[in-house]
Every structure is written in C-alpha cells, then in structure tokens.
Amino acid sequence: MIIAIDGPAASGKGTIARRLAHKYGLHHLDTGLLYRAVAKAVLDAGFPPDDIGQAIAAAAALDPEKFDESALKTQQITEAASVVAAIPQVRAALMNYQRAFAQKPPGVVLDGRDIGTVIAPAAEVKLFVFASPQVRAKRRVAELKARGEEADEQAVLADLVRRDERDSRRAAAPLMPAPDAHLLDTTHLDIDAALRAAVAIIEAVRTGRKRG
Ligand code: C5P
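Residues numbered from 1 in each chain as written. Predicted model: local features only at pLDDT ≥ 70, side-chain atom pairs only at ≥ 80, totals over all residues. Heavy atoms only, no water.

Points about the environment of Asn 96
As for its position among the elements, Asn 96 is in helix α5 (residues 88-102). Residue classification places Asn 96 among the exposed positions, given a relative accessible area of 62%. For Asn 96 and Ile 119, which are 23 residues apart along the polypeptide, the C-alpha to C-alpha distance reads 8.9 Å. (Helix = DSSP H or I, 4+ residues; strand = E, 2+ residues; numbered from the N terminus. Buried < 20%, exposed > 50% of the residue type's maximum accessible area, 1.4 Å probe, protein only.)

Written as structure tokens, this is what we have:
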C-alpha cells in the first residue's frame, strides 16, 4: 500500500504521515528532508540556494541514509529548501530515490508537496492536508517555543505564506492536490482528531476497494 500525503507547511501532514506509518506498519519518508539536505549542502559549500549548478550537483551527490534531521530544520534551511526545490533538475535527481522507496514492502507513507501528483500518482490513498495560514503559523510558533527558540507570530506567518506561494507557483511539480486526493482540513482539528479523520478516509478507501 502507498499512502501519499501532500500539503503546505505546518498543515499537520508530517505528524499524520508518521503516525499512519506506525499504525499500519509501513515505512515513512519525509521527502522535505531531501530538499532540505540539498539546500544545506549548497549553503555549507558557501553558495546561495539559487545557484542552479551547485544545487543540481548537491542533489546528484545526496546520500539520504546519512541525514542529521535536526540540523535540517533551521529557518535558513527551510527557506533555502523551497528555493532549490523549484529547480526542475534538482527534482529530477531526487525522483528515483523517492520512487524506489515507494516500492518497499509492505508499503509506505510518503509526505511532501508532489507525492500524489508526480512521485506516486498510482498511490492507493492520497490525502491533501491543509489548514488556514493563521492556524499553521500558531502551530509553528508553538513548535519553535517548545524547542526553546524565540518566535514572532507575524514573522512566522509571513514566512509561511511566502514559502507556500513559491511552492504553489513554481512551474516544476507545484504544490497542489491531485485530482483524486481526499482533502483534509485540519484548521479546527487537534492532531488526534486529524489522525482519526485520516484513518477514516483510509479505511473508507480500503473498504470500497474490497467491495469493488
Ligand atoms: O516539508 P518541508 O517543509 O520539510 O519541505 C521543505 C521544502 O521542500 C518545501 O517548502 C518545498 O519547497 C520542498 N518540497 C518539495 N517537494 C516535496 C517536499 C518538499 O518541493 N515533495
């Protein structure tokens, strides 16, 4: 089984993906980490994230087995990731790894921006998880504060909106729901309720398949 989960930043998709993988005994890949790792490699080498040649070389040389996840979550890398992610050749270089991962038995949960549309268009279940920008900014602030970082809600909101726009407007694999994705609005849901809603969608799809 392949479960594809897409959506904007801080929509809850990452936590939902992790918990679904645990519940169903599936492998999980947070595909945002791939773009973050490319961004980090470019920045660490002293280049700006829109240096196309450097970004393509970093994507080609990436070893996803060697990620230090906590080092990839800084605000600077978050922003730079969405810049390298707009480069078509970077996306192409990361595609094989994601598609191969998607074939792992007994199944996978992949979360990102283009999983249901590009990486795994034949996924059994596709979720598009979203929430209002204001609620997503509040969640991000709470996350940052829990890590002991200072955060200004208006600045976080502005960053989120800018990144959503870049991710949605780019020509290469823009953030958008697949036509057959189930939309899950988490604006008024806490994480437990969001997970229940996701499970309900998955169970309905599976039951429908068994009947059909
Ligand atoms: O999901 P996360 O916030 O870690 O993703 C960081 C950035 O990586 C996103 O803003 C987006 O530009 C890019 N990304 C992408 N396609 C994916 C996953 C992430 O373009 N499948």
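Following the structure, the description resumes.
What about the packing of helix α4 (residues 75-84) against helix α8 (residues 153-169)?
What describes two packed helices is the angle between their axes and the distance between those same axes. In contact at an axis separation of 9 Å, α4 and α8 are set at 20 degrees when each is read in the N-to-C sense. Considering the angle they form, α4 stands roughly parallel to α8. In this structure, the crossing between α4 and α8 has a hand that is left-handed. The residues of α8 that touch α4, namely those facing Gln 75, Thr 78, Glu 79, Ser 82 and Val 83, are Asp 159, Arg 162, Arg 163, Arg 166 and Asp 167. (Axes fitted to C-alpha atoms, helices over the stretch in contact; angles between N-to-C directions. Parallel < 35°, antiparallel > 145°, perpendicular 65-115°, else oblique. Left-handed = near helix turned anticlockwise from the far one by under 90°. Contact = heavy atoms within 4.5 Å.)

Thoughts on the sheet that holds strand β1 (residues 2-6)
Sheet strands line up and pair through hydrogen bonds in the backbone, either parallel or antiparallel. Across the sheet, five strands lie side by side as β2-β3-β1-β4-β5; this open sheet has parallel pairing. Where the open sheet ends on each side, the last strands, each with one partner, are β2 (27-30) and β5 (182-185). On average, each strand axis in the sheet is tilted by 20 degrees relative to the strand beside it, whichever way the strands run. Inspection of the sheet shows β1 paired to strand β4 (residues 125-130) by four bridges, in the parallel sense. Opposite Ile 5, over in β4, you have Leu 127 as the bridge partner. (Pairing = 2+ DSSP bridges.)

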